[in-house]
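Single-letter residue listing:
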Amino acid sequence: MFFSVVIPTYNRLPILQKCLRALELQNLNDTALIEGYEIILVDDGSTDETLDWLAEHQDQFPHVRCFEQDHAGPAAARNLGVEKAAGDTIIFIDSDLVVLSNFLQAHADALLQGKEKLGNDAFFTYGAVINTCNFENPTSEPYKITDFSAAFFATGNVAIPKHWLEKAGLFDTGFQLYGWEDLELGIRLKNLGLQLIKCPEAVGYHWHPPFSLQQIDNLIDKEIQRGRMGVLFYQKHPTWEVKMMIQMTLFHRLLWGILSLNGLFNEKTSAPLLQWLINLGKPQLALEIARIFLNWYNVKGVYQAYGEMMSK
């Protein structure tokens, strides 16, 4: 098999450098199984001189093929990456993911084992994603319970035969705001009969800066966007499964309404507690507590967008 690792990027140059360097240091133990690999980097209109830096250091990244587009979002960037890919197998990761040296080999082994077990290639492999805010040494982070994901198809760390993506129709670029474009494609892949095979040996470390109060406005905006895109997701797939995924149920409305005291526990009232935890060196715990009111914003965004849709 020949891998095309498709990576959309937008203004993430410092962590992108670590991402690309890790992919250049892959140990391929079975060259009879893996013919080779390329890295398809799609720059989504970055303004942080990503392309200039790559041009200056291209000799360090022999596997990288770089493409650019005007800022159109990750769905369009991934579609362009798949279109340009020479490989028969696509691996999607994000540009803030740093992988281990056995990453490609682990996906290859799991793909081979899956084909032997199922007798076909109607499946994809899903690697592990560990969240970290350690920029200097992201791969030192241990697995945490909060790293668990029940997503069927998420583009943080997934390998899939290219022809299934093309048959499903690639990503829907109608998802212009934040969220759901990969899980929506996952529904279409599931409808084609594809199965998920977990590949915990293919580990990626998803870096994000330590949580601070300055991030809250942006996080709230993302949750509202995610709510709006969730309704688009539901329009395309009006099922109970999708309603649960996007939190458009009475249960979610009651849960986050009660936990947030109907919005009284919010970014302003929680600020002293969150800052205290951050000062104690516990930014991740502060973020988990902030998710109470962030989820409340998400649920409100879902119902607002649904109300607008129904009134049209």
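See the structure printed just above.
Residues numbered from 1 in each chain as written. Predicted model: local features only at pLDDT ≥ 70, side-chain atom pairs only at ≥ 80, totals over all residues. Heavy atoms only, no water.

A.B. asks: An account of the overall build of the protein is requested, with residue identities and associated values reported.
C.D. replies: Within the protein, the regular secondary structure consists of eleven helices and eight strands. A compact globule built from 312 residues should have a C-alpha radius of gyration of about 20 Å, and the protein, at 20 Å, falls within 12% of that. Along the first, second and third principal axes, the C-alpha set of the protein runs to 60 × 45 × 35 Å. For the protein, the proportion of contacts with a sequence separation of at least 24, taken over those separated by at least 6, is 80%. If you sum the accessible surface of the protein, you get close to 14900 Å²; carbon and sulfur atoms cover 55% of it. (Helix = DSSP H or I, 4+ residues; strand = E, 2+ residues; numbered from the N terminus. Rg over C-alpha atoms; globule rule 2.2 N^0.38 Å. Contact = heavy atoms within 4.5 Å. Areas by Shrake-Rupley, 256 points an atom, 1.4 Å probe, with all protein chains shown as cover.)

A.B. asks: Got a sec to walk through the nonpolar core? Specific residues and values, please.
C.D. replies: Counting residues in each nonpolar core, the largest one holds 35 residues, and the members touching the most others are Phe3, Ile7, Leu20, Leu23, Ile91, Ile93 and Phe103. Put simply, the parts of the chain that give this core at least two residues each are strand E1 (2–9), helix H1 (13–24), strand E2 (36–43), helix H2 (50–56), strand E4 (89–93), strand E5 (97–99), helix H4 (103–118) and strand E8 (195–207). Apart from residues lying up to four places away in sequence, Ile91 is in contact with Phe3, Ser4, Val5, Val6, Phe103, Leu104, His107, Val158 and Ala159. Among the nonpolar cores identified, the runner-up in size contains 25 residues, and Ala77, Phe124, Phe153 and Leu165 belong to it. (Core = buried A, V, L, I, M, F, W, Y, C linked by side-chain atoms within 4.5 Å. Buried < 20%, exposed > 50% of the residue type's maximum accessible area, 1.4 Å probe, protein only.)

A.B. asks: How would you sum up the sheet that holds strand E6 (residues 123–132)? Please name residues and give values.
C.D. replies: Across the sheet, which stays open at both edges, the eight strands sit in the order E3-E2-E1-E4-E7-E6-E8-E5 with mixed pairing between neighbours. The sheet terminates laterally at strand E3 (64–68) and E5, the two strands that pair on one side only. On average, adjacent strands in this sheet sit at an angle of 30 degrees to one another, irrespective of strand direction. Two strands pair when backbone bridges link them, and E2 and E3 are joined in this way by five bridges, in the parallel orientation. Paired with Ile39 across the two strands is Val64, which belongs to E3. (Pairing = 2+ DSSP bridges. Axes fitted to C-alpha atoms, helices over the stretch in contact; angles between N-to-C directions.)

A.B. asks: Could you give an account of helix H6 (residues 181–191), naming the residues involved and the relevant values?
C.D. replies: For H6, the tally of buried residues reaches nine of eleven residues, placing the bulk of the element in the interior. All of the buried residues in H6 are Glu181, Asp182, Leu183, Glu184, Leu185, Gly186, Ile187, Arg188 and Leu189. Note on H6: the residue one or two positions beyond its end, Gly193, has a positive phi of about 95 degrees.

A.B. asks: Talk me through the environment of Phe152; I want residue IDs and the actual numbers.
C.D. replies: With respect to the element layout, Phe152 can be found in the loop between E6 and strand E7 (157–161). Between the C-alpha atoms of Phe152 and Glu24, which are 128 residues apart in sequence, the distance is 28 Å.

A.B. asks: Run through unusual backbone geometry, naming residues and quoting values.
C.D. replies: Where the residue is not glycine, phi is negative for most of them; where a peptide bond is considered, it is trans in most cases. Phi is positive for Leu170, close to 60 degrees, though the residue is something other than glycine. By the secondary structure assignment, Leu170 is in the loop between helix H5 (162–168) and H6. The phi dihedral of Asn262 is positive, around 55 degrees, even though this residue is not glycine. Checked against the element boundaries, Asn262 lands in the loop between helix H9 (250–259) and helix H10 (271–279).

A.B. asks: Which residues make up the pairing of E4, and what are the values?
C.D. replies: For E4, the tally of buried residues reaches five of five residues, placing the bulk of the element in the interior. Alternating residues of E4 divide into Thr89, Ile91 and Ile93 and Ile90 and Phe92, and every residue in both groups is buried. Two strands pair when backbone bridges link them, and E1 and E4 are joined in this way by four bridges, in the parallel orientation. Across the sheet, the residue bridging to Ser4 is Ile90, located in E4.

A.B. asks: I'd like a rundown of the environment of Phe265, residues and numbers included.
C.D. replies: Structurally, Phe265 can be placed in the loop between H9 and H10. Residues Phe265 and Ala290, spaced 25 residues apart in sequence, show a C-alpha to C-alpha distance of 9.2 Å. Apart from the residues lying within four places of it in its own chain, the contact partners of Phe265 are Leu259, Ser260, Ser270, Ile289, Ile292 and Phe293.

A.B. asks: Can you break down H4 residue by residue, with the values?
C.D. replies: Since the α-helix advances by 3.6 residues per turn, residues separated by three or four positions end up pointing in the same direction. Here H4 spans 23 Å end to end across 16 residues, near enough to the 22 Å set by a 1.5 Å rise per residue. Every buried residue of H4 is accounted for by Phe103, Leu104, Gln105, Ala106, His107, Ala108, Ala110, Leu111 and Gly114. Gly119 sits one or two positions beyond H4 and adopts a positive phi of about 80 degrees. (Expected span 1.5 Å × (residues − 1).)

A.B. asks: I'd like a rundown of the side chain of Gln26, residues and numbers included.
C.D. replies: Along the polypeptide, Gln26 turns up in the loop between H1 and E2. A residue is classified by how much of its surface remains accessible, and Gln26, at 10% relative accessible area, is buried. A polar contact is formed between the side chain of Gln26 and the backbone oxygen of Leu100, at a distance of 3.0 Å. Separated by 2.9 Å, the side chain of Gln26 and the backbone nitrogen of Leu104 make a polar contact. Apart from residues no more than four positions distant in its own chain, Gln26 is found in contact with Tyr37, Val99, Leu100, Ser101, Asn102, Phe103 and Leu104. (Polar contact = N/O pair within 3.5 Å; in protein donor to acceptor, adjacent residues only side chain to side chain.)

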